[in-house]
Amino acid sequence: LAPTTQGTWTVKVKNTSKDALRALRITLTTPSAFTRTGSDPVLSDDARWSVDQLNPDEEKTLTFSGRFADGSQDFVELTVASSIQRNGVDEQQSSATLLVLLVKPNFQLTLTRSDKKTTPLHAGDRVPLTLEYENASELALSDVALTITIADASPVDLDSIETTPAAKKDGRALIWAKGEL
């Protein structure tokens, strides 16, 4: 997972005892650099799910999503713990910790004049440009789109631009959808 990229995790809670469990609480513990963006069912403000009753062999599926802040450590922990409330006190029953590896994408993009000329440009000149890109990280990047935006004040005529492969023109932007890299 890359920092700032949203992830979704599933927590399965199963009653393996012969008795029904009552007042079950599942607590999620995340690092301070983690921002929860959703959960199902909804987590309480103190990051707990409450299950009134879980019958023998019954299983509940809980999900949560969120993202780690840019600059997070390379390895981060997400922990869930289940407890039963007895006489107003939480008694922990079990816990599980997931170690998440955060991979920092290293995407490199270069735009160069491909004819290697250094002479000044004049109105009407055609200038061949090469856009090179490389995913230099260990992380596959999905839904990649390369965009070049021509400034409004630029004298470049967007209608005269030819691209190979063809780019989608959107206003003053040229967009190439590359999918996964």
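Use the structure listed above.
Residues numbered from 1 in each chain as written. Predicted model: local features only at pLDDT ≥ 70, side-chain atom pairs only at ≥ 80, totals over all residues. Heavy atoms only, no water.

Asks: Mind showing me how you'd approach the overall build of the chain here?
Replies: Broken down by element type, the chain carries zero helices and twelve strands. The linear arrangement of helices and strands in the chain, starting from the amino end, is β-β-β-β-β-β-β-β-β-β-β-β. Against the compact-globule benchmark of 16 Å for 181 residues, the chain has a radius of gyration of 26 Å, which places it well outside the compact range. Once the C-alpha set of the chain is aligned to its principal axes, its extents read approximately 85 × 30 × 25 Å. In the chain, which comprises 181 residues, the share counted as buried stands at 26%. For the chain, contacts bridging at least 24 residues in sequence account for 65% of all contacts bridging at least 6. (Helix = DSSP H or I, 4+ residues; strand = E, 2+ residues; numbered from the N terminus. Rg over C-alpha atoms; globule rule 2.2 N^0.38 Å. Buried < 20%, exposed > 50% of the residue type's maximum accessible area, 1.4 Å probe, protein only. Contact = heavy atoms within 4.5 Å.)

Asks: Explanation requested: the pattern of salt bridges in the structure shown.
Replies: Any two side chains of opposite charge can pair, given that their charged atoms come close. A complete count under the given rule lists nine salt bridges for this structure. As a salt-bridge pair, Glu58 and Lys60 come within 3.8 Å of each other at their nearest N and O atoms. A network of salt bridges, in which partner residues are shared, links Arg25, Asp46, Arg48 and Asp90. (Salt bridge = Lys/Arg side-chain N within 4 Å of Asp/Glu carboxyl O.)

Asks: Even after reading the chapter, I still don't get the layout of surface pockets, so can you show me in this structure?
Replies: Over the atoms rolls a probe the size of a water molecule, and in doing so it shows where empty space is left. If you add up the space inside the largest pocket, you get close to 1000 Å³. Considering the residues around the largest pocket, the lining is formed by 27 residues, among which Val127, Pro128, Leu129, Ile161 and Glu162 are closest to the centre. Among the elements of the structure, β9 (129-135), β10 (144-149) and β12 (173-179) are those that each provide at least two residues to the lining of the largest pocket. Partitioning the lining of the largest pocket into residue classes produces 17 nonpolar, five polar and five charged. Counted as a void, the second largest pocket has a volume near 430 Å³. Lining the second largest pocket are 26 residues, with Lys12, Val13, Val80, Ser82 and Ser94 sitting closest to its centre. (1 Å grid on protein atoms, 1.4 Å probe; cavity = no way out; pocket = protein on both sides within 12 Å on 5 of 7 lines; lining within 4 Å. Points joined across faces, edges and corners; volume = space filled by probe spheres on them. Nonpolar A, V, L, I, M, F, W, Y, C, P; charged D, E, K, R; others polar.)

Asks: Even after reading the chapter, I still don't get the side chain of Ser65, so can you show me in this structure?
Replies: Inspection of the secondary structure assignment puts Ser65 in strand β5 (residues 59-68). Assessed through its relative accessible area of 10%, Ser65 is described here as buried. Other than its neighbours up to four places away in sequence, Ser65 contacts Gln6, Gly7, Thr8, Trp9, Phe34, Thr35, Arg36, Thr37 and Gly38.

Asks: Is there a simple way to explain the pairing of strand β1 (residues 7-14) in this structure?
Replies: Moving residue by residue along a regular strand, the side chains alternate between the two faces of the sheet. By the alternation rule, side chains of β1 split into Gly7, Trp9, Val11 and Val13, which are all buried, and Thr8, Thr10, Lys12 and Lys14, of which none is buried. Strand direction decides the pairing type here: β1 and β5, joined by eight bridges, are antiparallel. Each bridged residue has a counterpart across the sheet, and for Gly7 the counterpart in β5 is Gly66. (Pairing = 2+ DSSP bridges.)

Asks: What should I look at first to understand the environment of Ala140 in this one?
Replies: Structurally, the position occupied by Ala140 is in the loop between β9 and β10. With relative accessibility at 49%, the residue Ala140 sits in the partly exposed group. Between the alpha carbons of Ala140 and Ser160 there is a distance of 34 Å; along the sequence they are 20 residues apart. Each residue touching Ala140, except ones within four places of it in the same chain, is listed here: Asn135, Glu180 and Leu181.

Asks: Sorry, what's going on with the nonpolar core here?
Replies: Proteins that are soluble and globular tend to have nonpolar side chains buried together. In this structure, Ile26, Trp49, Phe64 and Phe68 are the most contacted members of the largest nonpolar core, which totals 21 residues. Breaking this core down by element, the ones donating at least two residues are β1, β2 (21-29), β4 (48-54), β5 and β6 (75-86). No other element matches the four residues that β6 contributes to this core. Aside from chain neighbours lying at most four places away, what touches Ile26 is Val13, Ala47, Arg48, Trp49, Val51, Leu62, Val80, Ala81 and Ser82. Membership of the second largest hydrophobic core comes to twelve residues, among which are Val103, Leu141, Ile148 and Leu158. (Core = buried A, V, L, I, M, F, W, Y, C linked by side-chain atoms within 4.5 Å.)

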